[in-house]
Structures are given as C-alpha cells and as structure tokens.
Amino acid sequence: EAQVTQNPRYLITVTGKKLTVTCSQNMNHEYMSWYRQDPGLGLRQIYYSMNVEVTDKGDVPEGYKVSRKEKRNFPLILESPSPNQTSLYFCASSLGKGGGGYSPLHFGNGTRLTVT
Amino acid sequence: AQSVTQLDSQVPVFEEAPVELRCNYSSSVSVYLFWYVQYPNQGLQLLLKYLSGSTLVKGINGFEAEFNKSQTSFHLRKPSVHISDTAEYFCAVSDLSNQGGKLIFGQGTELSVKP
C-alpha cells in the first residue's frame, strides 16, 4: 500500500532534550516536506526537499533540522525543543514539485508533540 | 505573495443540509487551487483540485468547488452532508513560479455535522 509513515504518533518530551521524528514514503517520490499544524494557523511548511541531498527552508524553519540521505526517508530533528514547538507535525511527499500541480501531496497520519 | 483565507473557522450543520465552505485567495499570477480534508486523527487527503479547464470541479464524496477568477474564490459545496463528512477542510493555492509549486494552506474550517 502506498503510504507515508511517521513515527511516533505521540511524543511528550522536556525542554532541551533532542528528538527525531521519522518519515518514510514507499512511492519513490522526489519531493518531501514537513509541516506543523496549529489551531487557527493552518499548515505551515517547516522544511522541504526536492530530491536526495537537496533541502531548503520553508516558512518556519527556526529550531528544526532535516536531512535527506536517501529518497524514502526525511527525518525531522529538534536539537533543543522548546514549548513553542508543541504542535501537530505532518510529513508529506509528492511525485511532482511541491504538490501544487498535477501530483498531489500524500500525508502521513501526524505526530503530536508536546514539549514541557 | 500568495495567501489563502478561509472565511469560517467552524461550520455546524445538520445532516442532509447543504453546506458551503468559503475560500478566498490572493495572488498576482495564475494559480492552481485545492481542497484537502482531514478526518479526525488522520493526515490530509486531496478532495479536489482546479488546474485548468472547467471552473466547476467535482471531487470525492459528492463535494464540488467553483473557481471564480473575478472574485478570487474557490468555495467548496455539498448539497447534502452526512455525519461522516465531519472533518477539517483546508483550502490551498499554488503557482508554479513559487518554489516549483509549493502549496500555501488556509487556516482550516471545521465542519461539524449533527444528526
């Protein structure tokens, strides 16, 4: 089954403790992206990747890192999480560039992160 | 810069009633338009999209949307909703000149269908 898999689904951590949220897709998509969803703000893009070893900042990249060493994986790294990073995070992938054309974005089921 | 405004944050309706979820966008170039749906505890999935051609677009689950260029709107409609349509709906816009098609999402509209 074609899917984007995120882990974990839920994560509670403390300020400053490094964490990684994994994302993997099995559709051979070139484009992958991370979003955060906050009430009243919709989805905001954190980082995206057009292909292996190619990553770029989205609209809210501060406090986050990503890597794209292989096509299927795109982990999100929080080196020193803070309470304002408490949010619902989504990974997405697309055959096309950005999901804004003929190839839609495929989303994972989300990771709910709480930083205390 | 592009932006998307969903005019209603919450829309409560009764089952079998019609519904319209409103979306306006701003862009100085031609755009592609999308509606995504997010069911509880799930990721977003594509409901429908306008890329070109007919301004009336039909999507899954009986939803449709109409692209109105003069009013820069892309409202989502369904003539008769079901309990199972309860979800959050996101309007999104893109243009291919912006980072190769990056999507800009609206704030979301929570549709709550009551029996």
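As a reminder, the structure under discussion sits directly above these lines.
Below, the structure is looked at part by part. Since this is a predicted model, take the numbers as computed values, not measurements.

**Section: the interface of chain B and chain A**
Item 1. Each partner contributes to the interface: chain B provides 23 residues, whereas chain A provides 25 residues.
Item 2. When chain B packs against chain A, the two sides together hide about 1,800 Å² of surface, and 51% of this comes from carbon and sulfur.
Item 3. The tally of links between chain B and chain A comes to zero salt bridges.
Item 4. Where chain B meets chain A, there are four residue pairs in polar contact (both at pLDDT 80 or more).
Item 5. Listing elements by their share of the side of chain B that touches chain A, those giving two or more residues are strand 5 (32-38), strand 6 (44-50) and strand 10 (87-94) of chain B.
Item 6. When residues in the side of chain B that touches chain A are grouped by element, the largest group, four residues, is from strand 5 of chain B.

**Examining the side chain of serine 24 of chain A**
All names here are of chain A.
Item 1. Examined against the element boundaries, serine 24 turns out to sit in strand 3 (residues 19-25).
Item 2. Looking at serine 24, its side chain comes within polar contact range of the side chain of arginine 72, at 3.4 Å.
Item 3. Those residues in contact with serine 24 that sit more than four places away from it in its chain are Gln3, Val4, Thr5, Arg72 and Asn73.

**Regarding the state of the cysteines**
Cysteine pairs can be covalently joined through their sulfur atoms, and such a bond is termed a disulfide.
Item 1. Tallied over the entire structure, the rule returns two disulfides over all chains.
Item 2. Residue pairing for cysteine 23 of chain A: its cysteine sulfur links by disulfide to cysteine 91 of chain A, the two sulfurs lying 1.9 Å apart. Taking the sign of the S-S torsion, about -70° here, the bridge from cysteine 23 of chain A to cysteine 91 of chain A comes out left-handed. Taken together, the residues cysteine 23 of chain A in strand 3 and cysteine 91 of chain A in strand 9 (residues 87-94) connect sequence positions 68 residues apart.
Item 3. Take cysteine 23 of chain A: its relative accessible area is 2%, and that puts it in the buried class.
Item 4. In this model cysteine 23 of chain B forms its disulfide with cysteine 91 of chain B; the gap between the sulfur atoms is 2.0 Å. Between cysteine 23 of chain B and cysteine 91 of chain B, the S-S torsion sits near -70°, and that sign places the bridge as left-handed. Placement of cysteine 23 of chain B in strand 4 (residues 23-26) and of cysteine 91 of chain B in strand 10 is noted, with a sequence separation of 68 residues between them.

Thresholds applied
- Residues numbered from 1 in each chain as written.
- Chains lettered and ligands numbered in written order.
- Predicted model: local features only at pLDDT ≥ 70, side-chain atom pairs only at ≥ 80, totals over all residues.
- Heavy atoms only, no water.
- Contact = heavy atoms within 4.5 Å.
- Buried area = accessible area lost by both parts, 1.4 Å probe.
- Salt bridge = Lys/Arg side-chain N within 4 Å of Asp/Glu carboxyl O.
- Polar contact = N/O pair within 3.5 Å; in protein donor to acceptor, adjacent residues only side chain to side chain.
- Helix = DSSP H or I, 4+ residues; strand = E, 2+ residues; numbered from the N terminus.
- Disulfide = S-S within 2.5 Å.
- Buried < 20%, exposed > 50% of the residue type's maximum accessible area, 1.4 Å probe, protein only.

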